[in-house]
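# Structural overview for review
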Amino acid sequence: MTSVKVIGVGMGEPDHLSARAVAALNSVDVFFVLDKGSPADELAAVRHDLCRRVITSHPYRFVQVRDPRRDRGADDYVQAVVDWTAARAGALGEALRTELGHDDCAGLLVWGDPAFYDGTLRVLDALREPVDVEVIPGLSSIQMLAAAHRISLTRVGQPLAVTTGRRLAASGFPPGCDDVVVMLDKDCAFRHVDPAGVTIYWGAHLGTSHQVLIAGELAAVAEQIVTVRSAARARRGWVMDTYLLRRGR
Ligand SMILES: C[S@@+](CC[C@H](N)C(=O)[O-])C[C@H]1O[C@@H](n2cnc3c(N)ncnc32)[C@H](O)[C@@H]1O
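Note on numbering: residues in each chain are counted from 1, in written sequence order. Since the coordinates come from a predicted model, pLDDT governs what is reported: local features require at least 70, and pairs of side-chain atoms require 80 or more to be given and counted, while whole-chain, interface and lining totals use all residues. Excluded from the side-chain calculations are hydrogens and water; all other atoms, namely the structure's heavy atoms, are used.

## Structural notes on the nonpolar core
In plain words, nonpolar cores are sets of buried Ala, Val, Leu, Ile, Met, Phe, Trp, Tyr and Cys residues tied together by side-chain atoms within 4.5 Å. Only protein chains enter the area calculation, which uses a 1.4 Å probe; residues under 20% of their type maximum are buried, those over 50% are exposed, and those in between are partly exposed. Judged by nonpolar contacts, the single largest core of 30 residues is most densely connected at Ile7 and Leu25. Think of it this way: any DSSP run of H or I at least four residues long counts as a helix, any run of E at least two long counts as a strand, and we number them from the N terminus. Taken together, the elements giving at least two residues each to this core come down to helix H1 (19-25), helix H2 (40-54), strand S4 (105-110), helix H5 (141-149) and strand S7 (179-183). In terms of domain composition, this core takes at least three residues from each of domain 1 (3-139) and domain 2 (142-247). Every residue in contact with Ile7, bar those within four places of it in the chain, is listed here: Ala21, Ala24, Leu25, Val28, Leu108, Leu109, Val110 and Ile136. Domain delimitation follows an automatic or database domain assignment. Throughout, a contact is declared for two residues whenever any of their heavy atoms are within 4.5 Å.

As structure tokens, this is what we get:
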């Protein structure tokens, strides 16, 4: 059975990799990249650079796989992602069949950790022919956020929710939860939350030389974050940010 290593690469710096990830990188023959085009181009370049820097003992090559477009205008977001996953599985399955030699090991590099808002494992599950998957965890942007602000994400005996900007804007804090990590937020959804008693710990381009951090009472720093985020985006052409909202003490 084809062997596929799904390797979490943190924010793309060699020192974000575990020893296990370095060993896995040094065992892959062909890395498959589902290419989204810009701004993901820069992230693809980061992955190539990472491999150049840490792979010392094994020949390897990269194969670009055309990433099918997701229907971003669809009314049913979940169905649109299901359809997209199936299309991606078709494209990746074809590439695995045609590009891998006998006994070759395939690798997929995942930004951060595959456990958080990443479709790679779902795509592999949807392949027509089953593959033998090994997951090597990576440092997630969530962990980078906590470390950069020197905080724990969880409070004693309390739950932590991880959600998207879209969900936060639609429904606010999840029921029964006063600590929420927000990812995939294009629109600064924290502006739609009642700021009374809420602290925000925000970070963009975490773990990179472009990292920016802001923390404080939401009411006091929300507009500052909007401005700093927009400047960070202007500098690089894109921005990725994550934040923790904490209600009460
Ligand atoms: C498709 S998800 C992938 C998450 C990734 N698997 C992880 O473990 O961090 C992309 C989201 O992750 C967050 N993210 C990824 N890299 C980031 C970074 N360097 N700084 C801040 N947030 C980041 C942002 O919320 C972004 O919208």
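## Structural notes on the domain arrangement of the protein chain
Each assigned domain of the protein chain is listed with its residue range as follows: domain 1 (3-139) and domain 2 (142-247). Here domain 1 and domain 2 have C-alpha centroids that lie 27 Å from each other. Both faces considered, domain 1 and domain 2 share a buried interface measuring about 1,200 Å² in area, 68% of it formed by carbon and sulfur atoms. For this analysis, a salt bridge means a side-chain nitrogen from Lys or Arg found within 4 Å of a carboxyl oxygen belonging to Asp or Glu. Our enumeration of links across domain 1 and domain 2 arrives at zero salt bridges. Polar contact is the term for a pair of N or O atoms within 3.5 Å; when the atoms are in protein, one must be able to donate a hydrogen and the other to accept it, and sequence-neighboring residues count only if both atoms are side-chain atoms. The interface formed by domain 1 and domain 2 includes two residue pairs in polar contact (both at pLDDT 80 or more). Gly falls in the polar group here, along with every residue not listed as nonpolar (Ala, Val, Leu, Ile, Met, Phe, Trp, Tyr, Cys, Pro) or charged (Asp, Glu, Lys, Arg). Classifying every residue of the side of domain 1 that touches domain 2 by side-chain character gives eight nonpolar, two polar and two charged. Once two parts are joined, some of their accessible surface, as seen by a 1.4 Å probe, is lost; buried area is that loss totalled over both.

## What to know about the site of the ligand
Nearness is defined per residue: one heavy atom within 4 Å of the molecule or strand is enough. Surrounding the ligand, one finds 16 residues, the nearest of these being Trp111, Ser141, Leu206, Asp241 and Thr242. Here Leu184 contributes a backbone N or O atom positioned 3.0 Å from an oxygen atom of the ligand. Accessibility throughout is a Shrake-Rupley quantity obtained with a 1.4 Å probe, and a residue counts as covered only by protein chains that appear here. Notes on the ligand: free accessible area 570 Å², of which the protein chains cover 90%. Its residues assigned to classes, the shell around the ligand comprises eight nonpolar, six polar and two charged.

## Here's the deal with H5
For H5, the complete set of buried residues consists of Ser141, Ile142, Met144, Leu145, Ala146 and His149. Where H5 is buried, its residues contact strand S6 (161-164), S7, strand S8 (198-204), strand S9 (212-217) and strand S10 (241-247). In the segment just after H5, Arg150 is the residue with positive phi, at about 55°.

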